[in-house]
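Chains, contacts and geometry: an overview
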Amino acid sequence: MSRSGVGPEQHRQGSEADATATPFQAREHQHIRYNPLQDEWVLVSAHRMKRPWQGQVEPSLLKTVPRHDPNNPLCPGATRANGEVNPHYESTFLFDNDFPALQPDAPNPGPSDHPLFQAEAARGVCKVLCFHPWSDVTLPLMSVPEIRAVVDMWASVTEELGAQYPWVQIFENKGAMMGCSNPHPHCQVWASSFLPNIAQHEEQSQRAYQSQHGEPLLMEYGRQELLRKERLVLTSEHWLVLVPFWAVWPFQTLLLPRRHVRRLPELTPAERDDLAFIMKKLLTKYDNLFETSFPYTMGWHGAPMGSEAEANWDHWQLHAHYYPPLLRSSTVRKFMVGYEMLAQAQRDLTPEQMSSSCTGLSRVLVAVATAVVSAASSCPQAWGPPGVQYGQSGRSMTLCCPGVTAGAPVSWSRDGETRLLQGPDSGLGHELVLALADSTDEGTYVCRTLDGALGGMVTLQLGYPPSRPVVSCRAADYENFSCTWSPSQVSGLPTRYLTSYRKKTVPGADGQRVSPSTGPWPCPQDPPGATRCVVHGAEFWSQYRINVTEVNPLGASTRLLDVSLQSILRPDPPQGLRVESVPGYPRRLRASWMYPASWPRQPHFLLKFRLQYRPVQHPAWSMVEPAGLEEVITDAVAGLPHAVRVSARDFLDAGTWSAWSPEAWGTPSTGPLPKEIPAGGKPYTQPKENPQMDSPAPPRPSLLPDPRPLDHRDPLEQMAVLASLGIFSCLGLAAGALALGLWLRLKPDGKDGHQKPGFLAPMIPVDKLPGAPNL
């Protein structure tokens, strides 16, 4: 029987029938994929991402974490559950887990009395590795050298424990969503006397592939992914990050070395440096994906060690797995329940879709988190020049002596003053506390050690936390739009802005349609550092959410703005406006213009225009809506210069009218009518050899209002009006005379008179005519 539960022939016939009816598309049709590393199958159901989510929504993942908490057992100087006190470590710190799952001296359960009830001995050790002394940082917020120190410690502890145990499992659970109960950056190391289940599966699969194909499974897989370029997320000189073809978790990734490496201790210094760099980049992309501190479980898998370390493990390739749980947003996660627990793994988002989401996130937005943790700490991180600390006016401020060990006693004074502000016996160690700091406290402070040596200098600058910026967006065409912003309150501190955007989900036929290509993406600031960013290639009928975050040393504040191109479309003003007189017509001006250069040259959406004109001595504008790119004004005031301007708008009335173009001036012609009218009855156009008559900018006359009313009279028009009145008067008199004659003819002579003949009867009876024969 096949995996589908039917015979091979029926399965083949059914598959062929389906293929003939509908072409297969991985992003639309369910299918199963093979995981060669675990020798298992995964069900992919991409179409399920279209269903609306009505399940559990997790609480927000971002919260303020203190930099040092004396009650946190992972912090430097803290007392752990077993009574031991942590050292004041400044880099990594490795110690034995106080509540280990594996112990080195556990007794042997003995032989089993039945094959259905088997038990084996399990021994080992469990350790905890702290990445950093601060609790408010994570790996993406650490520097590359700091991450390199973590990599070195991983290699060292693997080598140390691998000398005794066959399997050393390094893993990190990040975030409460993954069961992490302590926010301090750390991982765990479990070494066991047995090979765990997943390790056994990977060992058997890699060994079988090497035996059949002659090369390591993951080496060939990495080469294939480089060639196909469908699921790559990051590449560097020594490492690859990709979404496995068989991925189960929505945003799962696999980290592979390019060189054949079996274990972490075998990495060269260059490979370790590059690993630190690519880890920081990958985890930054994760944080940027949903603009949150991204939860995940990760772990390293290397070749077994212990007593079998010297065996042939050439089939094994070192690799790391990242398993993030988030599915649709920072608050919606994937659950491994139901079918996944009882049948096989299943995923909704295809690996190819996930890869396209991650590769588009090249901008680093973790400066928001950096500012948040900086503001939460007792000694905020320096922005700008070294030795500068920032604080909020009206709040207590703590200065830290930069050149001494944390907690070391120092004395403080103002630069240039001998009076001590705080002695070394204050009990505050290397810190100076300023209560309710104000502008008088700004300046430079000097700290000295017990022997009088200079510990360092700190410059204090006060200001205010960031406020939500004021944001507005405009689209100059139907494919691109730009957003500008300004601070709603001046902070007085160094400030920068982080900008991104995402396409909003829209209602579909079957509920909310969710697309993995909705972002977020960076909104590039043009030029860098300007208060303006530009989005290119937008969709006219889509809606977008703009995120502008103001960041300074005291925190971050975000403004979210929902926009659609239809509502913010405002073309640039028309260009090339010209105003020309029409010779022989003292009341006419011809205006012409062009589309704005920012509008597509072959537009799918046209523009409509409105034109305003007035004599320059009068404030009131007249307005017309031309049908094309020119308009003839027929009621200009003879002999007076006129100002003309024009604006544009989408012809379907999307958005708003553009700003008015710069004014162009023209004066109606005062010359006689041209002797010849060109064929076709086209109006005469003034020759270009006489530019002074049609100059768009003649010498400006006085712009003071003219108290005289406009004289719209024209002799030719007056004659035309009089002739028309005469013709209508004659027609009226003739009609009246005819009506009167008919009335007199039809009026009876008296009450007893004979009946009036018909209207067509002759006026004189025939029998009364002379010479009429008697019939």
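Described below are features of the structure shown in this document. Please read all numbers here as calculations on a predicted model, not as lab measurements.

Some remarks on the overall build of the protein
- When you go through the protein residue by residue, the secondary structure sums to eleven helices and 37 strands.
- For the protein, buried positions account for 43% of its 775 residues.
- Restricting the contact set of the protein to residue pairs at least 6 apart, pairs at least 24 apart contribute 67%.
- Working note: accessible area of the protein is about 41100 Å², and carbon and sulfur atoms make up 56% of it.

A closer look at the sheet that holds strand 28 (residues 532–535)
- The three strands lie next to each other as 22-23-28, forming an open sheet whose pairing is antiparallel. Only two strands of the sheet have a single partner each, and these edge strands are strand 22 (470–474) and strand 28. Geometrically, the sheet is characterised by an average inter-axis angle of 20° between neighbouring strands, direction not taken into account.
- Sheet analysis places strand 22 next to strand 23 (residues 481–486), joined by five bridges and oriented antiparallel. Pairing of S472 across the sheet is with T484, part of strand 23.

Quick word on the nonpolar core
- Counting 47 residues, the largest nonpolar core has W154, L255, L275, M279, W300 and Y322 as the members making the most contacts within it.
- It is helix 5 (residues 269–289) that provides the largest number of residues to this core, a total of eight residues.
- The residues touching W300, leaving out its near neighbours within four places in the chain, are W154, Q169, I170, W239, L255, L264, L275, L318, H319 and A320.
- In terms of nonpolar packing, the next biggest core, distinct from the first, is built from 39 residues, V471, Y544, L569 and L589 among them.

Considering unusual backbone geometry
- At D39, a position not held by glycine, the phi torsion is positive, near 55°.
- Along the chain, D39 turns up in the loop between strand 1 (31–35) and strand 2 (40–44).
- For D39, a relative accessible area of 52% gives the class exposed.
- At K229, a position not held by glycine, the phi torsion is positive, near 55°.

Here's the deal with the pairing of strand 30 (residues 555–564)
- With ten bridges connecting them, strand 29 (residues 543–552) and strand 30 associate as antiparallel partners. The partner of N547 across the bridge, within strand 30, is L560.
- The turn joining strand 29 and strand 30, which pair antiparallel and follow one another in sequence, is formed by two residues.

Re the environment of L217
- Residue placement: L217 occurs in helix 4 (residues 217–228).
- The buried category is assigned to L217, whose relative accessible area is 5%.
- With twelve residues separating them in the primary sequence, L217 and S205 have C-alpha atoms 8.2 Å apart.
- Ignoring any residue separated from it by four or fewer positions in sequence, one finds L217 in contact with P36, L37, S205, Q206 and Y209.

With respect to the environment of V157
- Among the structural elements, V157 can be located in helix 2 (residues 144–162).
- In this structure the C-alpha to C-alpha distance between V157 and L129, which are 28 residues apart in sequence, comes to 9.5 Å.
- Sequence-distant contacts of V157, defined by excluding residues within four places in its chain, comprise L94, K127, G162, I170 and V189.

Thoughts on the side chain of T499
- Looking at the element boundaries, T499 is found in strand 24 (residues 496–503).
- In this structure T499 comes out as buried when scored by relative accessible area, which is 0%.
- Separated by 2.7 Å, the side chain of T499 and the backbone oxygen of C523 make a polar contact.

Conventions we followed
- Residues numbered from 1 in each chain as written.
- Predicted model: local features only at pLDDT ≥ 70, side-chain atom pairs only at ≥ 80, totals over all residues.
- Heavy atoms only, no water.
- Helix = DSSP H or I, 4+ residues; strand = E, 2+ residues; numbered from the N terminus.
- Buried < 20%, exposed > 50% of the residue type's maximum accessible area, 1.4 Å probe, protein only.
- Contact = heavy atoms within 4.5 Å.
- Areas by Shrake-Rupley, 256 points an atom, 1.4 Å probe, with all protein chains shown as cover.
- Pairing = 2+ DSSP bridges.
- Axes fitted to C-alpha atoms, helices over the stretch in contact; angles between N-to-C directions.
- Core = buried A, V, L, I, M, F, W, Y, C linked by side-chain atoms within 4.5 Å.
- Polar contact = N/O pair within 3.5 Å; in protein donor to acceptor, adjacent residues only side chain to side chain.

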